[in-house]
Structures are given as C-alpha cells and as structure tokens.
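Inside the fold
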Amino acid sequence: MRRQLLTAVGMVVVLTLVCGLAYGLALTGIGELAFGHQANGSFVTKGGKDVGSSLIGQSFTDSNGNPIPKYFQARSSDAVTTSATGNITVSGASNYGPSNPLLIGFVPGVNTVGLNGDPSATNPFASPADPFCVPVDTSKAAVPVTSPTAGQKYAKNSDGTYVCDPNTVPERAIAYRTEFGLAANAQVPVDAVTASGSGLDPDISIANADIQAPTVAKARGLSLATVTGLIKSNTTGRSLGVLGDPGVNVLTLNIALDNLTQK
Amino acid sequence: MSQNVIAVIVLIAMLVISTPLLGSYMAKVFTNKKAPGDRFFKPVERLVYRITGVNPEGEQRWTTYAISVLAFSLVSVLVLYGMQRLQAHLLFNPDHMANVPAPLSFNTAVSFLTNTNWQNYAGEDTMSQFTQMAGLAVQNFVSAAAGIAVAVALIRGLTRNRSNTLGNFWVDLTRIVTRVLIPIATIAAIILIAQGAVQNLHATHMITTVSGQSQGIPGGPVASQEVIKQLGTNGGGYFNANAGHPFESPTGLTNMLLNWLLLCIPFAMAWTFGKMAKNRKQGYAVLGAMGGLFLIGALVVMPLEGAGNIHITQANVSQAITATSPGGNMEGKEIRNGPVLSALFNSSSTSTSTGSIDSANDSYTPLGGGVLIFNMMLGEVSPGGTGSGLYGMLIMALLAVFIAGLMVGRTPEYLGKKIQAAEMKLVVLYLLMVPFVVLMFTAISVVMHSSLASIYNPGPHGLTEVTYAFVSSSNNNGSAFAGLSGNTDWYNTALGICMLVGRFALMVPVLAIAGSLGRKQKVPPTSGTFPTGTPLFALLLAGIAVIVVGLTYFPVLALGPIIEHLVGKF
C-alpha cells in the first residue's frame, strides 16, 4: 500500500508536468506562432482600437438599453456581467424550461393561472396586444409574477392593461415588430426572440438581418441594396457547406457600415 | 434539413473510419507488443518509470491493480483540492482569482477526479489559468486514462487463461496518456486554434464596444483543455457555457470535430476488445449494441429540437428550418451550430459520459430532454465513457449471457469463461449501486424543504431537474439541467457522494470480476454454448440494457419528462 502511494505521488507530479504544463504551454506557443490572431481572441479594430472580438457577440443599444436604429441588433443574451465579477462576463443561457411562463408567457391551456392562484383555462392578464402577457409587480425592479396569489398588486398601463414582462418570447416578438416596422401578426424569425446558449452568439440569421436591413438603411441614409450587399459579405456560410447554420456576424457588419458612412 | 442529414452521415463516416484504426492501434498499445512510434515513446516511458520507481515488467493481481487506482485517485484529489485552495498564490493568475471556497473545491476535485466534471461554478469568475491547465486539464487526461486502464484489465481477465494478474496500472496509465491521448489532443487543439478557439495566458482584455459599452474579452489556455475534455469524455467547460461559448467552439466545423472527439475512443474500445479477444465478432456484437442505442437516442432528439417549441408558434414566431433561418427550438442554442446538430452534440455527450454541452439542456423540449436523461440512465454504455463505457457494456454482457442461460437452460459462458455465482453477485452489485443512490437522493431532495428551494422551473420540469442532477453525477456524466442551484451544502455533498459511488463502487467490482475470471480456465465452446459474437446477441445486449433501465427508472421518468410532454400538449 505504501509503495503504491509513493508511486502515485510520483505519477501525479510527472503527469501534471507533462499533461498540464508541457502540453498546455507548448500549444500556447504553437498557437502564438502559427495562428496569433485567433489564439489571442480574434480581435477586430475600428479606428486603430480594439472594439471587440469577431467571435463574441455584443449589444448595440444605448445607455437606456434601447436599440440604436443605425446598428443591426444582436440576439438576446443571458450572459451576466456584474461588478461582483470584476466586469468579467459569465457566459450562460436562460435555462428556462420549454413551458416556463418566463419564456413562453402565459399560454392558455398550458400554464395559465387565475388571479387567485388556481389553474385557469384563460390568461387573466391578456390584452389584445399581448394575449400571453405575464404581469409584473409594482416594485421598481418590476419583477415578473408567475405564481399569482389573491392579494398580489400589479403594475398597470394608463389604459388599464397590465404591464407585461418584456423578456418573454411573445413580448420580444411584439417589440421586434415595432422596431422594424412589421405588421402586428407578421412572422418573426426564432433567433430574433430567443437567447443563445452562451449569451455571446456573434451571429444572427440571414432572415433576421434581412428584416432589419430597411430600418438600418433608413437611419443611415443608405440604399437598401448597399446594406444587403454588406449583409452578404458579412455572412459566414455553413462550415464545409453542410455543418451548422449560416450566420451574419453582427459586429463586423456594423463596423463595415460605420466605415462606409464615415468615408 | 438535408444538410443536417449529410452532417450526420459525415459524423458516422468519421466514426466508421476511426474505430478500426484507433481500435487496432490501442490494442497494440495495451499488449506491450511492438507498437507504432516505439522509437519515440519507449525512451519517454522509461524515463517516467525511472522517476516514479515503477517496474514495467511487474504485473499486478486485481487487488494491487485496484489499490493502485485508488492510491492514484487519492493523491490526485488531494492535489487538485489544494491547488484550488491556494490558486491566488500560484502562477498564471492574471485575473486575480481568489482561492476557491472549501465545499466547492471538494465538489470540483471529486468531480474532475471521477471523470464526471459536474460544475457548480462558472469558469470565468472562479478558476485561475493555473488551476484550469495544471489541475483540471490534467485530471481530464488521467481520469480518462484510468477508466481505459480498468476496461483493459477487464478485457485481460476475460481473455487470459488461468492468470493471476491483470497487467500493471502504472504502465497502462503512462502508455494511454503518452501514446493515445496527448497525440490526438495536440492535433485537434491546433485545428481548434486555427478556427478561432483562444489559447493564451492573457488577462481579460477590457475594450470599449462599438456602442460605447465596456466589455471584457477573456483569455486563457482554452483550446488545449477543450479537446481533452471531449477526447477523455470529461466534459467540464473552460467557460460556463461550455462548448456553446464561441471561444471554446468557434465554428460549425469545430462543433462537429468536438462531437467526433468524444465518441472516437468509446467506440474504438469495442474494436480493441474484439482485437484483444482475438475474435473480432465479439467486438462487433458490443459495437453493434453501443452504436444501435446511440443512434436511436440521437435520431429521436434531433427532429424534436428541429421541430421547435410548439408554445411559441401561437405568438407568430417562425420555427421553420429554411436556407436563411436555423429555425427549431433556438432558446439556448447558437446559430453557427443550429438546433439539429446541437441536439446531436448533446445526445452524443449524454450517451458518452462526457456531459459537455453546446446548447442549454434545460430549454430542450420535454421529450428531447427526456432522451438526454435516458441516455445517461442506460449507465453510460451507448457507447459510454472512455473505458467506463466498455466495462459497463461488458458487465451488461455478463448479465445477458446469464439471463439467456436461464431462459434456455444453457450454461452461462462468456469468451469461454464460466459465469458463476461469485461473478453474478458482483454484477448485481454493479447494476444496483447507481440506481440506488440516484433514486434515494432524488427522493430525499424532493421532500426536504431546503433542497426544494434550489429548483428553478415549476412543475414536473423541476422533478426532471433534480433527477437529472443525480443521474448525471452518479453516472459520471456531469451535464446539467442547469436550472438547479447546485452550489448548496446539500447538493455539493450529495452529488459528491454520488460521483464517488458512480466511479469507485463500480470500478472495484469490475476489477474483482476481472480477477475472478482471469483465474479461470478457458473452456472450448460446445453445442450448449450461447454464441456471443452474433447480431442476435447484440440485440439481446441492447435489449437487456434498456429493460434494466426501464424497470428501474420508469416511474420517475413518467412523473418528469413524460407528464410534462402530455400536460404541456407538446
């Protein structure tokens, strides 16, 4: 037993040096020499400064969180950046189950609850604009209420309808249609109203970009053809033609637009 | 859709090519005969043996072999624990990560030791680059190698005639790491870096984005760890989002490469088994059962995720798969991977004991998530973890010949070894251990008020989250239905126990069976022997695996994913 323990100590030390340090550092060296740009994070620059990584999504919103019309908008993100993490972004997903009201809203016959908390066949918070409305409480943070109880107070709009949680898929679809001038019942591409797994998806679908193009073109005074041309040149096809889905890189597309308008 | 069909065929083709090549190569590595690359590897091995005082000619009995595995594991867990507790004072810590708290260090050390890689932390804000590279990545190599070593010991027990010894753990460990894992990992890592996975020792680079916000772009030795986490069926991501993070898997190509990496050794091990048994048909039968179960799982979950979430169609969200839109259930999934190949990845990862994810399990459709949990409940044999998949399947084979023997009144034999009471007791111990801890801890967790607070999604989905956690840790998978706050004292401890039981309470009976079978004399097959190298046996083997799981777990599956599917009108 003691002999095996001594050998084990030796083995752990040797293998830590080989599989840990030698292997990891050798690959770091190879990466630096052969693929320096990628190994260091695929940074993209604008005006000589690093403004992001072409692989890491970023948001194009103003300080109030509203979309900036002259930029294409990225997918929703559940990645978390707080001062507690020293401004490091922790990647991650919503982790909402497929029938969670925080994801799909209150869908009649699936997860709807009456005002007193009993199961209900209809959604008591529905309005013509959003039949799947999930109400929020009256606190400043406007926390969504998914388990209503008898005495609960809800935030209301001036017309008497409930204020809805803006982060459900139906609410995101409504906001998307308003933002890009679509009809009230227009179909919305799924990637535009769902959050990615990492919260850092750098891409949007081509269908999503095409819908956004007229709004961006108008805000910049460019022709639609110019903008769709840039969408094409910033689209990455499927790897090897078959693997995964084609995506439009939002960051490089927006930088290309900025470079165009500044000239 | 047609691209996805081609992509699946590409993956199958890669496996059809790699399985015989890698399987035959590994058979040579394990039999100490001449192996390719001896000129380079022999001197390296001799150096390792000299430093550690190993006599490479000295073979071990099953007890010594088991003690070596346990001693190595004990030292590993202590080193990994200590490294996390002291990381603030060690090298390569440009982001100034603090020392990891004790309960989390324990959980993480056990998790990586047991090849589970359950993660109660987010890599971005918890682990220093030193801990990742010299601690976690090292366990990714050696825990995989230890699993393979135990499987090889079982093959030796089955194939040797009246032998007291099963080989030498230290030799097996060294040869697997240097000759199998490091070469494949190095090549794959270089491809990953070329595609955009990061590999550096920089601190987080703070930049100002185009719209004027501040954003931190992380650094780290990511690619090197990413490939071994897949190849060794470990699964612990460098970052919180695992292989969904663009710096871990930047393109559709890397997604497929990582998918192949986690399947290549488990399938090849079945080939190695046939080769070492000098009876390829035996290997084919095991391979057939593994491959069949794997494909069924993958082919069920892929269309489910491609079809999307039925509850958002009423809100006029288009989930159709077209040339310009990925479609499908995109919550928690990345565009570059697409919903269908994301489903293939997570199905592969739960079928092997990997547990890495490129999309969020919790947001899968109820039956899609149900398939992922079922893949793990099979006991990780389709094709399972590196080594652990093969030994799990060989234990199933012993049960299959026993049951077949009972049904038709034939003597249970496997590879000419009589299967008797001593072996069957150990087989039953092996089979009952995991369901026992899974169901017991799940039951306790859903009646204790404090542990109920960790559940994130209401209703049957919540039960699935708890069950998933215990199935995943006990089967050393490590993937999570992330909607469960696992970083509490109860879950840190209970999941830690499950991981240890799922590893060592299975490895020791396997080695005991290997020792007992190795001592037996081979008997030539007679007309009364049930042939085990046939398609019929492969079918029986797969059937036994499914029935054992079905009988054990059906009630909890019915109350979790199945009821959610029915009530949710999916």
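Residues numbered from 1 in each chain as written. Chains lettered and ligands numbered in written order. Predicted model: local features only at pLDDT ≥ 70, side-chain atom pairs only at ≥ 80, totals over all residues. Heavy atoms only, no water.

1. Regarding the overall build of chain A
Of regular secondary structure, chain A possesses 7 helices and 8 strands. Dimensions of chain A along its principal axes, counting C-alpha atoms only, are 75 × 65 × 40 Å. Per-residue burial for chain A yields a buried fraction of 52% across its 263 residues. By sequence separation, contacts in chain A at least 24 residues apart represent 52% of the contacts at least 6 residues apart. For chain A, the computed accessible surface area is about 11,300 Å², with 58% contributed by carbon and sulfur atoms. Charged side chains in chain A number 16 positive and 17 negative. The centres of these two groups are separated by 6 Å. (Helix = DSSP H or I, 4+ residues; strand = E, 2+ residues; numbered from the N terminus. Buried < 20%, exposed > 50% of the residue type's maximum accessible area, 1.4 Å probe, protein only. Contact = heavy atoms within 4.5 Å. Areas by Shrake-Rupley, 256 points an atom, 1.4 Å probe, with all protein chains shown as cover. Lys, Arg positive; Asp, Glu negative; His and termini not counted. Charge placed at Lys NZ, Arg CZ, Asp CG, Glu CD.)

2. Some words on the state of the cysteines
Tallied over the full model, the rule gives 1 disulfide over all chains. Paired through a disulfide, Cys133(A) and Cys164(A) show a sulfur-sulfur distance of 2.1 Å. The sign of the -115° torsion about the S-S bond sets the Cys133(A)-Cys164(A) disulfide as left-handed. Remark: Cys164(A) occurs in the loop between helix 3 (101-104) and helix 4 (169-179) and Cys133(A) occurs in the loop between helix 3 and helix 4; sequence separation between them is 31 residues. On the accessibility criterion, Cys133(A) (0% relative accessible area) is buried. Using a relative accessible area of 16% as the deciding quantity, one classes Cys164(A) as buried. With no disulfide partner, Cys264(B) has as its closest neighbouring cysteine sulfur the one in Cys19(A), 17 Å distant. Judged by its relative accessible area of 0%, Cys264(B) is buried. (Disulfide = S-S within 2.5 Å.)

3. As for the pairing of strand 1 (residues 205-208) of chain B
Residue and element names in this part refer to chain B. Of the strand pairs in this sheet, strand 1 and strand 2 (residues 214-217) are connected by 4 bridges, and their pairing is antiparallel. Among the inter-strand pairings, Thr208 is bridged to a residue of strand 2, identified as Ser214. The turn linking strand 1 back onto strand 2 is made up of 5 residues, and Gly212 within it adopts a positive phi angle of 85°. (Pairing = 2+ DSSP bridges.)

4. Side note on the interface of chain B and chain A
Each partner contributes to the interface: chain B provides 117 residues, whereas chain A provides 108 residues. The three residues of chain B that bury the most area against chain A are Val210(B), Glu331(B) and Ile335(B), which together make up 9% of that side's buried surface. Scanning the region where chain B abuts chain A turns up 0 salt bridges. At the junction of chain B and chain A, the tally comes to 44 residue pairs in polar contact (both at pLDDT 80 or more). The biggest single contributor to the side of chain B that touches chain A is helix 7 (residues 169-195) of chain B, with 11 residues. (Buried area = accessible area lost by both parts, 1.4 Å probe. Salt bridge = Lys/Arg side-chain N within 4 Å of Asp/Glu carboxyl O. Polar contact = N/O pair within 3.5 Å; in protein donor to acceptor, adjacent residues only side chain to side chain.)

5. Digging into a positive patch on the surface
Positive charge collects at one region of the surface, where Lys28(B), Lys33(B), Lys275(B), Lys278(B), Arg280(B) and Lys522(B) lie side by side. A relative accessible area of 57% means that Lys33(B) is categorised as exposed. (Patch = residues over 30% accessible without salt bridge, like charges linked within 9 Å, V, L, I, M, F, W, Y side chains within 5 Å.)

6. Looking at helix 8 (residues 222-231) of chain B
Counting buried positions over the 10 residues of helix 8 of chain B gives 10, a clear majority of the element. Three or more residues of helix 8 of chain B are buried, namely Val222(B), Ala223(B), Ser224(B), Gln225(B), Glu226(B), Val227(B), Ile228(B), Lys229(B), Gln230(B) and Leu231(B). Against helix 1 (2-34) of chain A together with helix 6 (129-159), helix 7, helix 9 (252-276) and helix 11 (339-351) of chain B lie the buried residues of helix 8 of chain B. Thr233(B) sits one or two positions beyond helix 8 of chain B and adopts a positive phi of about 45°.

7. Here we look at the pattern of salt bridges
Residue and element names in this part refer to chain B. Applying the stated criterion to the full structure yields 14 salt bridges over all chains. Asp38 is the partner of Arg179 in a salt bridge, and the nearest nitrogen-oxygen pair spans 2.9 Å. In this pair, Arg179 is assigned in helix 7 and Asp38 in helix 2 (residues 38-52), connecting sequence segments 141 residues apart. The same class applies to Arg179 as to Asp38, namely buried. Residue Asp172 pairs with Arg156 through a salt bridge whose shortest N-O separation is 2.9 Å.

8. Thoughts on the domain arrangement of chain A
On domain assignment, one finds that chain A holds domain 1 (2-39), domain 2 (43-93 + 195-262) and domain 3 (95-170). A C-alpha centroid distance of 31 Å is found between domain 2 of chain A and domain 3 of chain A. (Domains from an automatic or database assignment.)

9. Comments concerning the environment of Val340(B)
All names here are of chain B. Among the secondary structure elements, Val340 is positioned in helix 11. A C-alpha to C-alpha distance of 9.0 Å links Val340 and Ala307, two positions 33 residues apart in sequence. When neighbours within four sequence positions are excluded, Val340 is seen to be in contact with Asn4, Met302, Gly306 and Ile321.

10. With respect to the sheet that holds strand 8 (residues 247-249) of chain A
Residues and elements named next belong to chain A. Spatial ordering of the open sheet is given by 6-8-7, a layout of 3 strands whose pairing is antiparallel. Unpaired on one side and paired on the other, strand 6 (203-204) and strand 7 (235-236) mark the two borders of the sheet. Where strand 7 meets strand 8, 2 bridges bridge the pair, whose relative direction is antiparallel. Bridging from a neighbouring strand, Thr235 pairs with Val248 of strand 8.

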